[in-house]
Amino acid sequence: CFTCSAPPVCCAAAGATIDDIASGELEGGAARREALQQSCGWLHDELRDAVAEAALPVKLLSCRDSYVQHLRWEGVASEGETKLRQVVEYCKASSASLQVQLCLPGACGPEAAFGAKIGAPPSPAPSLRLCACASLTPGMATLAGTTLREAMQQASA
């Protein structure tokens, strides 16, 4: 029999996370959160600069404080998935081995069909997602920006 004395795993995980953030340990808690916030800023700044010089029509959507950074395709819709997939493949094969996720909101056929049936707005354009982590250094963020610039240049050719 399940009782309130044995919380579900998600509640236990949330409690452990709060305890970790509140701790003053060097490797955990507040120090890791502060390092993550700094990393988010470094990554955002590099991506902002890469987008400003981009040979592809992409827009940086995320704020500087978010650990998830999205670059949305702003060009001809029919080219978006192909061009962004080329960017992902270039980044993965690069010496930086940069991991970039391609997000395709309209990829689920049944969801698109249901949306059309109920008159929902069309799915957003494809996007690229990059995430920061607490161990990201300024040099790593710079390498990510440089690799992304190169990838976008290559995909635009």
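Structure shown above.
Quick notes on the rules
- Residues numbered from 1 in each chain as written.
- Predicted model: local features only at pLDDT ≥ 70, side-chain atom pairs only at ≥ 80, totals over all residues.
- Heavy atoms only, no water.
- Helix = DSSP H or I, 4+ residues; strand = E, 2+ residues; numbered from the N terminus.
- Buried < 20%, exposed > 50% of the residue type's maximum accessible area, 1.4 Å probe, protein only.
- Contact = heavy atoms within 4.5 Å.
- Areas by Shrake-Rupley, 256 points an atom, 1.4 Å probe, with all protein chains shown as cover.
- Disulfide = S-S within 2.5 Å.
- Pairing = 2+ DSSP bridges.
- Polar contact = N/O pair within 3.5 Å; in protein donor to acceptor, adjacent residues only side chain to side chain.
- Salt bridge = Lys/Arg side-chain N within 4 Å of Asp/Glu carboxyl O.

### Details of the overall build of the protein
The secondary structure content of the protein amounts to five helices and four strands. Reading the protein from its N end, one meets helices and strands in the order α-α-β-β-α-β-α-β-α. Looking at the protein residue by residue over its 157 residues, the buried ones come to 30%. Partitioning the intrachain contacts of the protein with sequence separation of at least 6 by distance along the chain shows that 62% fall at a separation of at least 24. Element-wise, carbon and sulfur atoms account for 58% of the exposed surface of the protein, whose accessible area totals about 9700 Å².

### Points about the state of the cysteines
Per the counting criterion, the structure on display carries zero disulfides. In this structure C131 is a free cysteine whose sulfur lies 8.9 Å from that of C103, the closest cysteine sulfur available.

### Thoughts on the pairing of strand β2 (residues 68-73)
Judged from the three bridges that link them, strand β1 (residues 58-60) and β2 form a sheet pairing that is antiparallel. The residue of β2 that forms the bridge with V58 is W73. Here β2 pairs with strand β4 (residues 127-131) via five bridges, running antiparallel. Counterpart to R72 in the pairing with β4 is S127.

### Section: the side chain of T147
Position of T147 among the secondary structure elements: in helix α5 (residues 138-156). Only 2.8 Å separates the side chain of T147 from the backbone oxygen of L143, close enough to count as a polar contact. Excluding its chain neighbours within four sequence positions, the residues that come into contact with T147 are Y90, C91, S94, A96 and L98.

### Digging into the pattern of salt bridges
Summed over all chains, the structure comprises five salt bridges. Put simply, R48 and D45 hold a salt bridge, and the shortest N to O gap is 3.2 Å. With R48 and D45 both in helix α2 (residues 29-52) and three residues apart, the pair spans about one turn of that helix. Two residues, E81 and R85, come together in a salt bridge whose shortest N-O distance is 2.7 Å. Note that E81 and R85 are positioned in helix α3 (residues 77-93) at a spacing of four residues, about one turn of the helix. Accessibility expressed as a relative area gives 38% for R85, which makes it partly exposed. Salt bridges linked by common partners bring D45, R48, D49 and R64 together as one network.

So, to be careful, I would describe these as geometric facts and stop short of saying anything about function.
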